[in-house]
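# Coordinate inspection notes
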Amino acid sequence: MTVQTFPGMVADPVAFRAALRLYPARYRRERGAELSAVFADSTARAGKLATAREALDLGAYGLRMRTGLTSSSLAGRLLALAAPLIAGGIAGVGLTRGLYDALFNPGWHSNWDLPDHLNQVPHYLWYLGQVFVPLLLVAAVAVGRWRLARAAALAVASVGALGVLLSAATMPGGWLVFEESCEAAPQLFAGLLFALAPQDLLERPSGRGLAVLPAALAGGGLLLVAQDFYSSFVLLDGNAAAVLLLVPAGALLFAARERLAPAAIGLAVLPLTFLFSVFRLWQALGGMWRLLPVAGAVLLALLAAGWLLRRGAGGTGGGRSLA
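So, here's what we can say about the structure. (Residues numbered from 1 in each chain as written. Predicted model: local features only at pLDDT ≥ 70, side-chain atom pairs only at ≥ 80, totals over all residues. Heavy atoms only, no water.)

What follows is about the overall build of the chain. Secondary structure assignment for the chain yields eleven helices and zero strands. Listed by position from the N terminus, the elements making up the chain come as α-α-α-α-α-α-α-α-α-α-α. Each principal axis of the C-alpha distribution contributes one length, and for the chain these read about 65 × 60 × 45 Å. Across the 323 residues in the chain, those meeting the buried criterion constitute 43%. Of all intrachain contacts in the chain linking residues separated by at least 6 positions in sequence, the fraction that spans at least 24 positions is 76%. Accessible area of the chain: about 17,000 Å², with a carbon and sulfur share of 65%. Between the mean site of the 25 positive side-chain charges and the mean site of the 17 negative ones, the chain shows a separation of 13 Å. (Helix = DSSP H or I, 4+ residues; strand = E, 2+ residues; numbered from the N terminus. Buried < 20%, exposed > 50% of the residue type's maximum accessible area, 1.4 Å probe, protein only. Contact = heavy atoms within 4.5 Å. Areas by Shrake-Rupley, 256 points an atom, 1.4 Å probe, with all protein chains shown as cover. Lys, Arg positive; Asp, Glu negative; His and termini not counted. Charge placed at Lys NZ, Arg CZ, Asp CG, Glu CD.)

If you check which residues of helix α1 (residues 13-20) are buried, you get F16, A19 and L20. Within α1, the buried residues cover an arc of 100° as seen down the axis, which keeps them to one side. (Arc of directions from axis to C-beta.)

With respect to the helices, strands and loops of the structure, N119 is situated in the loop between α4 (74-104) and α5 (121-142). Residue classification places N119 among the exposed positions, given a relative accessible area of 65%. Between the C-alpha atoms of N119 and L210, which are 91 residues apart in sequence, the distance is 41 Å.

This part takes up the packing of α4 against helix α10 (residues 260-285). For the pair α4 and α10, the least separation of the axes is 8 Å and the interaxial angle reads 45°. Classed by the angle they form, the pair α4 and α10 counts as oblique. Once α4 is placed against α10, the crossing between them reads as right-handed. Where α4 abuts α10, its residues L74, R77, L78, L79, L81, A82, L85, I86, G89, I90 and V93 lie against L260, A261, A263, A264, I265, L267, A268 and L272. Considering only residue class, the contact of α4 with α10 consists of 17 nonpolar, one polar and one charged. (Axes fitted to C-alpha atoms, helices over the stretch in contact; angles between N-to-C directions. Parallel < 35°, antiparallel > 145°, perpendicular 65-115°, else oblique. Left-handed = near helix turned anticlockwise from the far one by under 90°. Nonpolar A, V, L, I, M, F, W, Y, C, P; charged D, E, K, R; others polar.)

This part covers the nonpolar core. In terms of nonpolar packing, the biggest core is built from 67 residues, with L137, V141 and F194 touching the most fellow members. At the level of secondary structure, the elements contributing two or more residues to this core comprise α4, α5, α6 (146-170), α7 (174-196), α8 (208-226), α9 (238-251) and α10. With 14 residues, the top contributor of residues to this core is α10. F16, Y23, L35 and L58 belong to the second-largest nonpolar core, a separate cluster that totals nine residues. (Core = buried A, V, L, I, M, F, W, Y, C linked by side-chain atoms within 4.5 Å.)

Another aspect to go through is a nonpolar patch on the surface. There is a patch of nonpolar side chains on the surface, built from L95, L99, Y100, L103 and F104 and spanning about 520 Å² of accessible area. Relative to the assigned elements, Y100 resides in helix α4. Overall, Y100 belongs to the partly exposed group, its relative accessible area being 33%. (Patch = residues over 30% accessible without salt bridge, like charges linked within 9 Å, V, L, I, M, F, W, Y side chains within 5 Å. Salt bridge = Lys/Arg side-chain N within 4 Å of Asp/Glu carboxyl O.)

Locating S181 in the fold gives a position in helix α7. A relative accessible area of 7% means that S181 is categorised as buried. Excluding anything up to four places from it in sequence, S181 contacts V164, S167 and L275.

So, about the packing of aromatic side chains. Scanning the model with the defined rule gives twelve aromatic pairs in all. Geometrically, the ring pair formed by F16 and F39 is tilted, given 5.2 Å between the ring centres and 40° between the ring planes. In this pair, F16 sits in helix α1 while F39 sits in helix α2 (residues 25-43), placing the two residues 23 residues apart along the sequence. The same class applies to F16 and to F39, which are both buried. A network of ring pairs unites the aromatic residues W175, F178, F279 and W282 as a single cluster. (Phe/Tyr/Trp six-rings, centres within 6.5 Å; stacked < 30°, edge-to-face > 60°.)

We now examine unusual backbone geometry. It is generally the case that most residues other than glycine have a negative phi and that most peptide bonds are trans. Phi at F229 is positive, roughly 55°, even though this residue is not glycine. Considering the arrangement of structural elements, one finds F229 in the loop between α8 and α9. Phi angles above zero are rare outside glycine, and E258 is one such case at about 65°. Turning to its location among the elements, E258 is positioned in the loop between α9 and α10.

Moving on, we come to the packing of α4 against α7. At a minimum axis separation of 9 Å, α4 and α7 run at an interaxial angle of 155°. As far as their axial angle goes, α7 and α4 are roughly antiparallel. Relative to α7, α4 is oriented so that their crossing is left-handed. Contact residues: L79, A83, I86, A87, I90 and R97 in α4; E183, P186, Q187, A190, L193, F194 and L196 in α7. For the contact of α4 with α7, the class distribution of residues is ten nonpolar, one polar and two charged.

Pairing between side chains of opposite charge can happen when their charged atoms approach one another. The tally for this structure, following the rule as stated, stands at six salt bridges. With a closest N to O distance of 2.7 Å, E34 and R31 form a salt bridge. Residue E34 and its partner R31 are both found in helix α2; the two are separated by three residues, about one turn of the helix.

Keep in mind that these numbers describe shape and distance, not what the molecule does.
Below, the structure written as structure tokens:
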């Protein structure tokens, strides 16, 4: 395939070819020449920064096609519907944590005081980040600023990644690393899930749609309370852990029948309960080797149920709005 060029075009054809490699082979054969023409036209007389951004956007859409996260796919539509719920839920977790510490934690002020030593800075950034950055995400969703929302979502994921890294760096053993990571993993999972939603399907909430955000905020806070703020006192309550894991996972099966509203609620809940529920089940069952067969059986059951539901759906039906 020949890459088209125009006078004044500064794009390196290598960048276009690298981005095109991310598309499925069949799509490259059928649409490669068209993509080349569009890329050449959009980058004609453009600067290097604009050209690099265009190549990144082109490659990102190729990855979406490979992973089935386009605006026309079931997964893409589900993520778009769940995005406001995900934003509200993770913001509710951070806000509830901050309010609980301020009202009931005697040493709460130590999390807000400016750090005295350099080694205290990462924890300070993580604590404030998990409280305030999700609120920026919710605000961007409320006004329909989706580029800002995606940037905020990636920032939320970065806050979560920082918390997980802090756990790995400061905890002496694998058990404690696992336990401490449970508090940061929701930000990591929720931020990444939101960022994967196709932006062209996202619309500014209006009317009843705006009520979804405060409802999700309250729901996120209630889920944190239900998990006792990731407390070790509830680690052996395997029944509650199973409910908080299997109910939202089971709700995802509604997507097989194109009933996206309950599936979206399940998808928004899972980032907030997944890791801590797995950790609690691990403790309740008595170790990883006892957890793995149970997890495998549950996964096979969910896959089988999803396959049966998809066959029964027969390709009909449509997703319902949460509004």
